[in-house]
Amino acid sequence: MTTTTHILGYPRIGEQRELKFALEKYWRGEIDQAQLQGLGSDLRTQNWALQKEAGLEFVTAGDFAWYDHVLTTSLLLGHVPERHRWTGKGEVGQSELGLDTLFNVARGQSQNQCDCHGNAASDMTKWFNTNYHYIVPEFSAGDHFQVSWPQLFDEIDQALKLGHQVKPVLLGPLSYLYLGKEIEEGFDRLSLLPRVLVAYQEVLAKLAAQGVTWVQIDEPILALELESPWLESFTTAYQSIQGEVKLLLTTYFDSVSHVINKIVTLPIDGLHVDLTAASDQLDEVLNVLPDHWVLSAGVINGRNVWRANLSEWIDRLKPVKQQLGERLWIASSCSLLHSPVNLEAETKLTPEVKSWFAFAKQKVAEVVLLGKALDGDHAAILACDTYSQPIIARESAQHVNKPHVQARVQQITPELSQRSTPYQERSHHQSEVLNLPLLPTTTIGSFPQTAEIRALRSAFRQGKLAKTDYVEAIQRQILDAVQRQEALGLDVLVHGEPERNDMVEYFAENLSGFQTTQFGWVQSYGSRCVKPAIVVADIERKQPITVEWSTYAQSLTKKQMKGMLTGPVTILCWTFPREDITRKTITQQLALALRDEVSDLQDAGINIIQIDEPAIREGLPLKLQDHQDYLNWAVEAFRIAASSAKPETQIHTHMCYSEFNEIIESVAAMDADVITIETSRSNMELLKAFEEFNYPNEIGPGVYDIHSPNIPAQHWIENLIRTAATKIPVERLWVNPDCGLKTRNWAEVEASLTNMVLAAKALRQEFTAE
Ligand code: GLN
Ligand code: ZN
C-alpha cells in the first residue's frame, strides 16, 4: 500500500540556466536547431533521472517548454496565428509547424525574417498571481484545431525509452481557452470548445496508444470565480475527453471548495488540490470525494523556497491516509517551475540559512520522504522530524524575530497613514516651494544602464573596485545624467539609478531581513529569468539607503531632484515572502523602513520623493472576494511609507500597466500628490478611468512608450497631451515617459526627451494663451 508520489512539473531552465543560454545562442544563429534540440533532450533526461532516483512514482513529462507551456499547447493543437505561419517563402502548413513557428509567436518576426513588414509577437501576460508570463492564445471564430506538433509524443517516447513510468501533463481545454483572448469583435471564444475538444480527444488517444495510464490535466482556472457558462462547460468537456486514459484534474494557487460540488460530478479519476495556498479546503474535499477517486494532496509549496515542515504534514495527513489508503497521493502544490532549481549550488549561505530552504530538487526529496513516512516507514518518520527541526527552530530564533520591529508594527495607528494635511492644502505649499511651470516635465527614474555602469557595479561586487573608487565612479554617472537632463530642459530631475541593478534587489540588499542567492533563478518568460531575494527575518532599515546619492545629485543642480524609492507592496510582490508571518505584516515592516527613508530624504533637502508601486495590481488575490482586504492593507502600507512627508514635500508614485479600472479607487486612496502611469500605448484610453472617477490629485500620463526604440514625434506627444487635457484639468497634468529608461540607449533617450520637452513648452504657450 505505498503512497504514490509525484510533482506537477519541474523547472525547465536547467541548474545553470542552460536552456536560457542555448535559446539565446540559437536566436543569435550561433547554434543550429539540432544542437538546441540536443540540449533540451539532455535537460529532460537529467530532470527525469533526478525524479526517478529520488523515488517518485511517476516522472512528469510535457512540463518542458521551449518558451512557455501555454504556447506549447497552442502548437500541439495546431493553433497558431496566421501571421506567424509566414516564412517569406510562403505559409507554413499544419504539418510543418515547428520550433521556428513557435519562436515567431513568442518573439515576433522582423522584416527580413518574414519578407513582410514584420509581425508582432503575441501578447504575454502573467500566469495567475505568479511572476511567470505566458503567451496569450489568440482566438477568432474561424479557428480550427488539429493535433500538429509532435513534441509531447516525442517526449513521452523519450521517457519511455529511458525506462520511466511517465505521467504527461496537459493544460486542460477550458483553461487553454480561458487564458486566451478574442481578437475579433462579437465572438465568444468559449464557442470554440467543441472544436478544441476534438483535438484533445486525439491527443489523449495518442497518449493512450503510447501506453500512458495517467494524464495530469491542469485546470487552474477552477480556483478563480468562473462565470457560469465556463463552469458549466466542464461537464461537456470532460464527458467528451474521458475514457482513453485516467485523468487527474489538477488545480492550484487557491481553493476550489466553491466549485467542488461541480468538480465531483465530472467523469475523471482524481483531483489535485493545492493545500499550501488553501489548506482549509482539505476537509470539504474529503467530505465529497467520490469513492473511486484519487486525491493528490499538494503539500510541498512549489512557489516558495522554504523547507516544508514535514512532521506537521504527517500529523495532518495521517487520518487522511487512513481514510483513503492508496487513493492518497502526495505532490508538490503546483509545478516546481516557480521555484529555483537546486539549493546545493549555493555556496555563500550560512549553514543555518541553508537549512531553512528547499529548492526544486530538494522539494522532490520532500515529496518522497513524506510519502514514505505516511506509509509508516520508521526511518522516514524520524528523518522527517530531523528535517523539520531547522524550520521549527527558526520560528523562535532571535535574529529572525526582532521584538523592536514587531513592536513598531503593533503600534501602527490610523494617524500613521495620514499626511498631515489634505491634497488641496498640500498642493499650495508644494507650488510655493517647488516653483514648477504648467505641465512640468520629468522622467520615471532610471536612465540607460550602459555597459560601463554594469561593469562598475560588477567590479565593486567582486571586490575588484574599492568603495571610494566605486562611489566616485557612480557619482560621475550621476553628474552625467544631471547635465544631460539640464541640457534637455527637464523640470524635475532624477539621479538615474546607476547604483541599482534592479529596483527591488537594491532595497533587499540594503535592508536587513533579506537573503539573496547566487543561483536562485526562476523563469519569468522565455529565456528571461529572475533571481528574487528572500525575506528571511523581520525587516528593518539599519541606515539611510538612498540619501547620499540623492543629495549628491541635488547638489549638482538648482532644479528639483526627485528621490527614488521602491514601494513596500512592490518589494513584497517581487521577492519570496516568509511563510510564518502574513504578507500584510511583511509589507507593514517594509512600509515603516521606507517611511524612515522618506523622512531622511526630506530632512536632507529632497523636496520630491517618488515611491514606485508598479506591482500593486498584480498582488491582487485570485478571488474577487479577497480583493478589498488586500487593497486595504496595500494602500495603507503605501500611505505609511509616504506619510512622514511634510505637506510641502511632494510624493509621487509610479505604476506601469493599463488595467486600472478595477483598482482606481484604491489608487486614489494612496493619496500620492502625483501619479505617473502608462497610457501611451492605449492612446490615453486609460484616462477614462481617471476621468470617470474624477481623480483628485496630479497625474502624469506617460506620453510615449519606452518599450519601443521608436522616437515619438513632437506633434504626436502634443496630441496625447491635448487628449489628456480634455480629461484632466491641465493644472494637474505632468508630462513624462511611461516608464523608466534603463533599457534604452542615450541616443534614443535624448531624441525622445527633446521632443517631449518641446511638446510641453509649445502647449504651455497654447494653454496660457487660451
Ligand atoms: N523608477 C523605476 C525606473 O525608472 C521604475 C521602474 C518600473 O516601473 N518598473 O526604472
Ligand atoms: Zn514603470
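Residues numbered from 1 in each chain as written. Chains lettered and ligands numbered in written order. Predicted model: local features only at pLDDT ≥ 70, side-chain atom pairs only at ≥ 80, totals over all residues. Heavy atoms only, no water.

### What to know about the UniProt feature "binding site: Zn(2+)" (unreviewed entry) in the protein chain
Argument step 1. Feature annotation in UniProt assigns "binding site: Zn(2+)" (unreviewed entry) to the following positions: His 654, Cys 656, Glu 678 and Cys 739. Sequence-wise these annotated residues cover 86 residues; spatially they are packed, their C-alpha atoms never more than 8.8 Å apart.
Argument step 2. Along the chain, His 654 falls in strand E20 (residues 650-655).
Argument step 3. Tracing the chain through its elements places Cys 739 in the loop between helix H27 (714-727) and helix H28 (746-769). (UniProt positions renumbered as here; feature names shortened; annotations may be inferred. Helix = DSSP H or I, 4+ residues; strand = E, 2+ residues; numbered from the N terminus.)

### A closer look at the coordination of the zinc ion (ligand 2)
Argument step 1. Ligation of the zinc ion (ligand 2) by protein atoms is provided by His 654 (NE2), Cys 656 (SG) and Cys 739 (SG), these donors lying 2.1 to 2.2 Å from the ion.
Argument step 2. For the zinc ion (ligand 2), the 4 donor atoms in the first shell make angles of 91 to 125° at the metal, a pattern classed as tetrahedral.
Argument step 3. Within one chain, the residues donating to the zinc ion (ligand 2) are spaced in sequence as H-x1-C-x82-C. Here Cys 656 is found in the loop between E20 and helix H25 (664-669), whereas its partner Cys 739 is found in the loop between H27 and H28, with 83 residues between them in sequence.
Argument step 4. Residue classification places Cys 656 among the partly exposed positions, given a relative accessible area of 22%. (Donors = N, O, S within 2.8 Å, 3.2 Å for Na, K, Ca; no water. Tetrahedral: all angles 85-135°; square planar, octahedral: opposite > 155°, others 65-115°. Buried < 20%, exposed > 50% of the residue type's maximum accessible area, 1.4 Å probe, protein only.)

### What about the sheet that holds strand E18 (residues 560-566)?
Argument step 1. Taken in spatial order, the 6 strands of this open sheet run E13-E18-E19-E20-E21-E22, and their pairing is parallel. Each end of this open sheet is capped by a strand with a single partner; those strands are strand E13 (492-493) and strand E22 (698-701).
Argument step 2. As judged from the 5 bridges shared by E18 and strand E19 (residues 608-612), these two strands associate in the parallel manner. Paired with Gly 563 across the strands is Ile 609, a residue of E19.
Argument step 3. On top of the sheet, helix H23 (residues 583-603) reaches E18, E19 and E20; it is set at about 170° to E18, its chief contact. (Pairing = 2+ DSSP bridges. Contact = heavy atoms within 4.5 Å. Axes fitted to C-alpha atoms, helices over the stretch in contact; angles between N-to-C directions.)

### Digging into a negative patch on the surface
Argument step 1. The grouping of Glu 312, Asp 315, Asp 385 and Glu 395 at the surface amounts to a negative patch.
Argument step 2. With respect to the helices and strands, the residue Glu 312 is situated in helix H12 (residues 310-324).
Argument step 3. The class of Glu 312 is exposed, set by a relative accessible area of 53%. (Patch = residues over 30% accessible without salt bridge, like charges linked within 9 Å, V, L, I, M, F, W, Y side chains within 5 Å. Areas by Shrake-Rupley, 256 points an atom, 1.4 Å probe, with all protein chains shown as cover. Salt bridge = Lys/Arg side-chain N within 4 Å of Asp/Glu carboxyl O. Lys, Arg positive; Asp, Glu negative; His and termini not counted. Charge placed at Lys NZ, Arg CZ, Asp CG, Glu CD.)

### Considerations on the site of ligand 1
Argument step 1. Near ligand 1, the surroundings consist of Ile 444, Gly 445, Ser 446, Glu 497, Met 503, Met 564, Asp 612, Pro 614, His 654, Cys 656, Cys 739 and Gly 740.
Argument step 2. The contact in question runs from a nitrogen atom of ligand 1 to an N or O atom on the backbone of Ile 444, over 3.1 Å.
Argument step 3. Measuring from a nitrogen atom of ligand 1, one finds a side-chain N or O atom of Asp 612 at 2.7 Å.
Argument step 4. Relative to its free-state accessible area of 300 Å², ligand 1 is covered by the protein chains to the extent of 90%. (Near = heavy atom within 4 Å. Polar contact = N/O pair within 3.5 Å; in protein donor to acceptor, adjacent residues only side chain to side chain.)

### Examining helix H24 (residues 627-642)
Argument step 1. Between its first and last C-alpha atoms H24 spans 22 Å; for 16 residues at 1.5 Å apiece the expected length is 22 Å, and the two agree.
Argument step 2. Within H24, 12 of the 16 residues are buried, which leaves the element mostly enclosed by the surrounding structure.
Argument step 3. Those residues of H24 that sit buried are His 627, Tyr 630, Leu 631, Trp 633, Ala 634, Val 635, Ala 637, Phe 638, Arg 639, Ile 640, Ala 641 and Ala 642. (Expected span 1.5 Å × (residues − 1).)

### Comments concerning the environment of Ala 641
Argument step 1. Take Ala 641: it is sitting in helix H24.
Argument step 2. A residue is classified by how much of its surface remains accessible, and Ala 641, at 0% relative accessible area, is buried.
Argument step 3. Those residues in contact with Ala 641, other than ones at most four positions away along the chain, are Pro 568, Ala 591, Leu 594, Arg 595, Val 598 and Ile 611.

### As for the nonpolar core
Argument step 1. Among the nonpolar cores identified, the biggest contains 107 residues, and Trp 127 and Tyr 238 are the most heavily contacted of them.
Argument step 2. Take this core: its biggest share by element is 8 residues, from helix H8 (residues 193-209).
Argument step 3. Excluding its chain neighbours within four sequence positions, the residues that come into contact with Trp 127 are His 69, Val 70, Tyr 132, His 133, Tyr 134, Leu 171, Leu 179, Pro 220, Tyr 252, Phe 253 and His 338.
Argument step 4. By size, the runner-up hydrophobic cluster in this structure holds 96 residues, among which are Val 504, Val 535, Leu 753 and Leu 763. (Core = buried A, V, L, I, M, F, W, Y, C linked by side-chain atoms within 4.5 Å.)

### Looking at the packing of H27 against H28
Argument step 1. With their axes 8 Å apart at the nearest point, H27 and H28 run at an angle of 50° to one another. Here H27 is positioned oblique relative to H28, judged by the angle of their axes. Considering how the two elements wind past one another, H27 and H28 form a crossing that is right-handed. Contact with H27, carried on its side by Gln 714, Ile 717, Glu 718, Ile 721, Arg 722 and Ala 725, involves Ser 752, Asn 755, Met 756, Leu 758, Ala 759, Ala 762, Leu 763, Glu 766 and Phe 767 of H28 and no other residues of that element.
Argument step 2. Of the residues in the contact of H27 with H28, the class split is 9 nonpolar, 3 polar and 3 charged. (Parallel < 35°, antiparallel > 145°, perpendicular 65-115°, else oblique. Left-handed = near helix turned anticlockwise from the far one by under 90°. Nonpolar A, V, L, I, M, F, W, Y, C, P; charged D, E, K, R; others polar.)

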